[in-house]
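Working through the structure, step by step
What follows is the residue order along each chain.
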Amino acid sequence: MLALFVGALDATIVATAVPSIVGDLGGIDLLAWVFTAYLLTSTVTLPLAGKTGDLFGRKPLFLVAVVVFVAASMLAGAAPSMEALIGARALQGIGAGLIFATTMAVIADLYSPLERGRVQGAVAGVFGIASVIGPTMGGWITDVSTWRWIFFLNLPVGAVAFVAILFLMPWTRPPREGEPRIDFVGAALLAMAVVPFLLAMVWGGDRYEWVSVETAGLLAISLVALAGFVAVEARVAEPLVPLFLFRNKVFAVSTVLLLLTGAGMFGVLTLLPLYLQGVTGASARLSGTLMTPMMIAVPISAAFAGQMMSRTGRYKILLIVGIVVLSAGMFSFATVDEETGRVEAIVRMVVMTLGLGVTLPLLQVVVQNAVPFSVVGVATASVQFFRQIGGTLGVAILTGIMVGRFREGLDEAASGLPAVLDDPSALLNESVVAGLQQRYEASATAADPAFEVVLAAARVSLADAISVVFVVGGVIVACSLIAAIVLPELELQSTSPAEMARREAAERAATGEGGSQDA
């Protein structure tokens, strides 16, 4: 949990330091890569981390993960240029991907499926706390010192985590026959499939049009590499992602559920700061404060759901209720406008994230309970992988819808306004708004409306666009209700992980290597 804390903290702490980073290093045209590089490498690393942990045990991989993350944090803090910072962030993403995948799999090594629900609640609490204090801590550190300490902060916490893992964590390794082999060809093909896809999602509608040669080329490369990856995985002895997992109904349905909930939920979560700052006029720090109750709701609902699952051994009804609450919270934003009060917005956000806290942690346990223990690391990493892919896809689609609707609203409000203000993110920066005002007033005629009228129209258009996005996101999440209903409910095993490993080893010895896989 210490290692997980620094990884989760680093995902949120950097955003508030962006102005200081650009002011110190320059390279504003490369700024997006500070986040994109982290996203790409952390996503690609997940399946490889899951498989490596299954082959060699989680402890050595965890130690490597912490070392990589801490070393990358040191390089990021000492970065002399934006290019060096991007390289360090890419390395950080590798460490973070290893940490995230390994932490969740360690839970499966140490606890029976019946016990894992309550532990997942504690893990969700770490994510919630890191999310709450990350932006505030980033702003505070930048104000009192320098943005470099945002990264240096990881060093002491990472060192404590390393020592704790080294001396206190058991090294559990599933019994295997023969030498373990890593599927490097499959890993390379998976990277070739994932990276172009993510780049298409990040750049589509921004750097390149969605219907363009560049976007189509990236997606084509991704599809060809994916086909090659599937062909290789069907033939190698130790596949990176065993294809038999997709014949497991619980695993297959859960991946669909994760894709849909990830796409709908994380797509709208990225727009909440835009709503709070761009529509209600809250400052960056105030918007972080307003989102605090929402972040606290996640670990509370996750802990409650985990305890209920551990006590009753049931999970299906919890998932269905979680999805219904999540969808209801998202649909409640359909009526927000520029007049909606902040307290009312907080209530809606809390309802939404109460459902999220129930849904996502439980799926991890559901999948771990349904697959052979020998591949629990791969299955766990796959859960996070599909959630990440769904979230990236949702952010791309819903942001595109929001920007398009925003510009349409400006067109309807008054002709010529999009030429002045066509990017909703401009409403988040007071200096940008002041610059737009100067440009507008310098070229405006007596017949043109005052800039305050333009700004008010922009806020109305943004509120309308965000309400549409929440409806679309709610529909996407509501569709996952079908998957939750058809999801098989298996009995949560109370057998210890060590005993499960021994039983599977005995089965393999009796029936051959494919015995447990076919089961």
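Structure: above.
Residues numbered from 1 in each chain as written. Predicted model: local features only at pLDDT ≥ 70, side-chain atom pairs only at ≥ 80, totals over all residues. Heavy atoms only, no water.

**Quick word on the overall build of the protein**
The number of helices and strands found in the protein is 21 helices and 0 strands. Of all 519 residues assigned to the protein, the portion counted as buried reaches 52%. Pairs at least 24 apart in sequence give 82% of the contacts found in the protein among residues at least 6 apart. Approximately 21400 Å² of the protein is accessible, and the part contributed by carbon and sulfur atoms is 67%. (Helix = DSSP H or I, 4+ residues; strand = E, 2+ residues; numbered from the N terminus. Buried < 20%, exposed > 50% of the residue type's maximum accessible area, 1.4 Å probe, protein only. Contact = heavy atoms within 4.5 Å. Areas by Shrake-Rupley, 256 points an atom, 1.4 Å probe, with all protein chains shown as cover.)

**Some remarks on the side chain of T380**
Within the secondary structure, T380 sits in helix α17 (residues 376-413). Among the polar contacts listed, one links the side chain of T380 to the backbone oxygen of V376, at a separation of 2.6 Å. With sequence-adjacent residues up to four places away left out, T380 is seen in contact with A101, M104, A105, Q364 and Q368. (Polar contact = N/O pair within 3.5 Å; in protein donor to acceptor, adjacent residues only side chain to side chain.)

**A closer look at a nonpolar patch on the surface**
A cluster of nonpolar side chains, contributed by V163, L166, F167 and L168, occupies part of the molecular surface with about 440 Å² of accessible area. Tracing the chain through its elements places V163 in helix α8 (residues 154-168). When its relative accessible area of 44% is taken as the criterion, V163 is described as partly exposed. (Patch = residues over 30% accessible without salt bridge, like charges linked within 9 Å, V, L, I, M, F, W, Y side chains within 5 Å. Salt bridge = Lys/Arg side-chain N within 4 Å of Asp/Glu carboxyl O.)

**Section: the packing of helix α4 (residues 58-77) against α8**
Relative to each other, α4 and α8 sit at 165°, their axes nearing to 10 Å. It follows that α4 is roughly antiparallel to α8 by the angle criterion. Both α4 and α8 take part in a crossing whose hand is left-handed. Counting all contacts with α4, which are made through K59, F62, L63, V66, V67, F69, V70, S73 and M74, the residues of α8 involved are N154, L155, G158, F162, I165 and L166. For the contact of α4 with α8, the per-class residue count stands at 11 nonpolar, 3 polar and 1 charged. (Axes fitted to C-alpha atoms, helices over the stretch in contact; angles between N-to-C directions. Parallel < 35°, antiparallel > 145°, perpendicular 65-115°, else oblique. Left-handed = near helix turned anticlockwise from the far one by under 90°. Nonpolar A, V, L, I, M, F, W, Y, C, P; charged D, E, K, R; others polar.)

**Focus: the nonpolar core**
When a protein is soluble and globular, its nonpolar side chains tend to lie buried together. Judged by nonpolar contacts, the single largest core of 64 residues is most densely connected at L272 and M352. Broken down by secondary-structure element, the contributors of at least two residues to this core are α11 (249-269), α12 (272-279), α14 (292-312), α15 (316-331), α16 (342-370), α17 and α19 (451-486). With 13 residues, α16 is the largest single contributor of residues to this core. Excluding its chain neighbours within four sequence positions, the residues that come into contact with L272 are M291, M294, F333, M349, M352 and F470. Among the nonpolar cores identified, the runner-up in size contains 49 residues, and F62, I165, F229 and I389 belong to it. (Core = buried A, V, L, I, M, F, W, Y, C linked by side-chain atoms within 4.5 Å.)

**Some thoughts on the packing of aromatic side chains**
Applying the stated criterion across every chain yields a total of 8 aromatic pairs. Both rings, one in W203 and one in Y208, keep their centres 5.8 Å apart while their planes meet at 80°; by these two values the pair is edge-to-face. Judged by its relative accessible area of 15%, W203 is buried. Take Y208: its relative accessible area is 24%, and that puts it in the partly exposed class. An angle of 80° between the planes, with centres 5.6 Å apart, marks the rings of F385 and F386 as edge-to-face. Note on accessibility: F385 and F386 belong to one class, buried. One aromatic cluster is present, built from ring pairs that chain together F246, F251, F385 and F386. (Phe/Tyr/Trp six-rings, centres within 6.5 Å; stacked < 30°, edge-to-face > 60°.)

**Some words on the environment of Q364**
Along the chain, Q364 turns up in helix α16. Its relative accessible area of 3% is what places Q364 among the buried residues. Filtering out sequence-adjacent residues up to four positions away, Q364 remains in contact with M104, Q120, T380, V383 and Q384.

**Let's talk about the side chain of K59**
Tracing the backbone through its elements, the reader meets K59 in helix α4. Among buried Asp, Glu, Lys and Arg side chains, K59 stands out as unpaired, with D109 the closest opposite charge at 12 Å. Residue contacts for K59: discarding those within four places in its chain leaves I165, L166, M169, P170 and W171. (Lys, Arg positive; Asp, Glu negative; His and termini not counted.)

**A closer look at helix α5 (residues 82-110)**
An ideal rise of 1.5 Å per residue puts 42 Å on 29 residues; α5 measures up with 41 Å between its terminal C-alpha atoms. Within α5, 23 of the 29 residues are buried, leaving the element largely enclosed by the surrounding structure. (Expected span 1.5 Å × (residues − 1).)

**Structural notes on the pattern of salt bridges**
Inspection of the entire model under this criterion finds 8 salt bridges. Of the charged contacts, one joins R118 and E115 as a salt bridge, the two residues approaching to 4.0 Å between their closest N and O atoms. Taken together, the residues span about one helical turn, with R118 and E115 both in helix α6 (residues 113-144) at a distance of 3 residues. The exposure class of E115 is partly exposed, given its relative accessible area of 31%. The structure contains a network of salt bridges with shared partners spanning D54, R58 and D109.

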